[in-house]
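These are the residues of each chain, in order.
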Amino acid sequence: MFLKDKYELIAAGFSAPTVDGVQFVSIEHKLPNLKWKMAAILDLKTGRYEDYYWSMYNVRSAWSKLESVECDLIIANDLLSLPLALELSKKCKAKLFLDAHEFTPREYDNDPVWRFVFQKFWEYICSKYLPHVSAMTSVSRGIADEYSRLYGVECEVITNTPFFNDLVPSQVNGESIRIIHHGGTNPARKLENMIFLIDQLDERFSIDFMLVNNRPRYAVKLERIAQKKPRINFIKPVPFLDIVSTLNKYDIGLFLLDPTAFNYRMALPNKLFEFIQARLVVAIWPSPEMARIVEAHGLGIVSDQFSVESAAAQLNALTTEDIVRFKQNSDIAAGVYCAEKNQDKLTGIVEKLIGS
């Protein structure tokens, strides 16, 4: 979207982009069968990482569709596409730009099975292929610094920010303070902590959960835990473009993320910036990347510890005046943390690589 008015774009993937004027190459998606999975595990555990990678049906399909494409710049949209993108860039003598998003070599480092099967593969991919990229980005400074520390690459940050929303902070009723959490039903995030929080908050507070039900069993578990807590409500998710305007009627955006994996510790998620665009108070645990922004702009509370008790103490201490002030600070920060700023950074990287 950021580049379409200045460059001729070709997108390749499993589903077409919703951006006009972009040529699309459809890559056939096929789920692996049991035979391939068994061979893949053997390749991974014996260090035959190239055999494993190039045996993936989706990778082979992509190569067959893209090997004749001519271009000046290839953007690899995660580490999995990097080896393929590098080979394509060699064929057409193009520059290579990697958007790594998160830190893939430790993406699920809280899962012993994942560590046993996949971690060394991703470390291999990083060691072999990252030195060949012309530019690289990730979603937070902590993740970018880890790539730089371990693999000696320069990595810039492009955050997951929405476009600027022209809103004002909603009015605060000091006797009824509305908290919202939105996102997916991911068990690793331990969302139940935010349900348990209500037991330690005073009667001013209520919490709504607007969850995308991508883990039905876990969603049922959460609703069961909240069943006898009248100040907890579950509301239907809204379309992506309506998230910020829906959040705007609340007072506090809540995200207590348990740092069970490296990417969780260094998380700088889209919901933080959606809270800011909605002009909310932000309430978080001391996750360093989020805390840096919240504290720098006075956007809300960062608890002293990763505990429900610590978060509750901070929230209970809030006065109506505090909430009004934090929401006003979010109003100011909304002009700083918006997609328009990322557009400037991305176009600057592309111009540096291939010119305007």
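Here the structure is a predicted model, which means the values were calculated and not measured. (Residues numbered from 1 in each chain as written. Predicted model: local features only at pLDDT ≥ 70, side-chain atom pairs only at ≥ 80, totals over all residues. Heavy atoms only, no water.)

Undergrad: What is the right way to look at the pairing of strand S9 (residues 232-235) in this model?
TA: Of the pairings in the sheet, the one linking strand S8 (residues 205-212) to S9 comprises 4 bridges and is parallel in character. Its bridge partner being in S9, Asp208 is matched across the sheet by Asn233. Crossover connection from S8 via helix H8 (residues 216-225) to parallel S9: handedness right-handed. (Pairing = 2+ DSSP bridges. Helix = DSSP H or I, 4+ residues; strand = E, 2+ residues; numbered from the N terminus. Right-handed = clockwise from strand over helix to strand, strands pointing away.)

Undergrad: So what exactly am I meant to see when it comes to the pattern of salt bridges here?
TA: Where charged atoms from two side chains of opposite charge come close, those side chains can pair. All chains considered together, the criterion is met by 19 salt bridges. With a shortest N-O distance of 2.7 Å, Asp199 and Lys229 are connected by a salt bridge. Of this pair, Asp199 sits in the loop between helix H7 (192-197) and S8 while Lys229 is found in the loop between H8 and S9, placing the two residues 30 residues apart along the sequence. Since its relative accessible area comes to 16%, Lys229 is described here as buried. Through salt bridges with shared partners, a single network forms among Arg106, Asp109, Glu146 and Arg149. (Salt bridge = Lys/Arg side-chain N within 4 Å of Asp/Glu carboxyl O. Buried < 20%, exposed > 50% of the residue type's maximum accessible area, 1.4 Å probe, protein only.)

Undergrad: When you look at the sheet that holds strand S11 (residues 281-284) in this model, what are you seeing that I'm missing?
TA: Strands in a sheet are paired, the pairing made by backbone hydrogen bonds, and the direction either parallel or antiparallel. Strands sit in the order S9-S8-S7-S10-S11-S12 across an open sheet of 6 strands; the sheet is parallel. Bordering the open sheet on either side are S9 and strand S12 (300-302), each of which pairs with just one other strand. If you compare each strand with its neighbour and ignore which way they point, the axes differ by 25° on average. For S11 and S12, the ladder comprises 3 bridges, and the chain directions are parallel. Paired with Ala283 across the two strands is Ile301, which belongs to S12. Each of strand S10 (252-255), S11 and S12 touches helix H12 (residues 288-297); the most contacted strand, S12, lies at about 140° to it. In the packing of helix H13 (residues 308-316) onto the sheet, the strands contacted are S8, S10, S11 and S12, and the crossing angle to S12 comes to about 155°. (Axes fitted to C-alpha atoms, helices over the stretch in contact; angles between N-to-C directions. Contact = heavy atoms within 4.5 Å.)

Undergrad: Would you explain unusual backbone geometry in this entry?
TA: Note: most residues except glycine have negative phi, and most peptide bonds are trans. Even without glycine at this site, Asp78 takes up a positive phi of about 160°. Exposure remark for Asp78: the relative accessible area of 31% places this residue in the partly exposed category.

Undergrad: Mind showing me how you'd approach the pairing of strand S4 (residues 95-101) here?
TA: On a regular strand, one side chain projects to one face of the sheet and the next to the other, so that they alternate. For strand S3 (residues 73-76) and S4, the ladder comprises 4 bridges, and the chain directions are parallel. Counted as the bridge partner of Ile75 is Phe97 from S4. Between the parallel pair S3 and S4, the chain is carried across by helix H4 (residues 82-92), and the sense of this crossover is right-handed. Looking at chain direction, S4 and strand S5 (residues 135-138) are connected through 4 bridges and run parallel. Note on S5: the bridge partner recorded for Leu98 is Met136. Once the chain exits S4 it traverses helix H5 (residues 112-129) before rejoining the sheet at S5, and the crossover so formed is right-handed.

Undergrad: Whenever I open this one, the environment of Asn233 confuses me. Can you help?
TA: As for its position among the elements, Asn233 is in strand S9. Taking C-alpha positions, Asn233 is 8.9 Å from Glu223, a pair spaced 10 residues apart along the chain. Contact partners of Asn233, with chain neighbours within four places excluded, come to Ile207, Asp208 and Phe209.

Undergrad: Any chance you could explain the state of the cysteines here in plain terms?
TA: Here is the idea: a disulfide is a covalent bond, and it sits between the sulfur atoms of two cysteines. The full count for this structure, using the stated rule, is 0 disulfides. Cys126 forms no disulfide, and the closest cysteine sulfur to it belongs to Cys155, at a distance of 10 Å. Note on Cys126: relative accessible area 0%, which makes it buried. (Disulfide = S-S within 2.5 Å.)

Undergrad: Teacher, can you tell me more about the packing of aromatic side chains here?
TA: To describe a pair of aromatic rings, one takes the distance between the centres and the angle between the planes. Taken as a whole and assessed by the stated rule, the structure comprises 12 aromatic pairs. Geometrically, the ring pair formed by Phe121 and Trp122 is edge-to-face, given 4.9 Å between the ring centres and 65° between the ring planes. Across the pair, exposure class does not vary: Phe121 and Trp122 are buried alike. Centre to centre, the rings of Phe209 and Phe234 are 5.5 Å apart; their planes meet at 25°, and the pair counts as stacked. Of this pair, Phe209 sits in strand S8 while Phe234 sits in strand S9; the two residues are 25 residues apart in sequence, bridging distant segments of the chain. Owing to a relative accessible area of 1%, Phe209 belongs among the buried residues under this scheme. Three or more aromatic residues joined by ring pairs form one cluster here, namely Trp36, Tyr49, Tyr52, Phe121, Trp122 and Tyr124. (Phe/Tyr/Trp six-rings, centres within 6.5 Å; stacked < 30°, edge-to-face > 60°.)

Undergrad: How should I be thinking about the nonpolar core in this particular structure?
TA: Taken as a class, soluble globular proteins show a tendency for nonpolar side chains to be buried jointly. Leu197, Leu201, Ile207, Ile252, Leu272, Ile276 and Leu315 are the most contacted members of the largest nonpolar core, which has 58 residues in total. With 5 residues, the top contributor of residues to this core is S8. Sequence-distant contacts of Ile252, defined by excluding residues within four places in its chain, comprise Ile177, Arg178, Ile179, Ile180, Phe205, Leu280, Val281, Ala283, Leu315 and Leu318. The next biggest cluster of nonpolar side chains, apart from the first, holds 44 residues, and it includes Leu66, Leu84, Trp114 and Val139. (Core = buried A, V, L, I, M, F, W, Y, C linked by side-chain atoms within 4.5 Å.)

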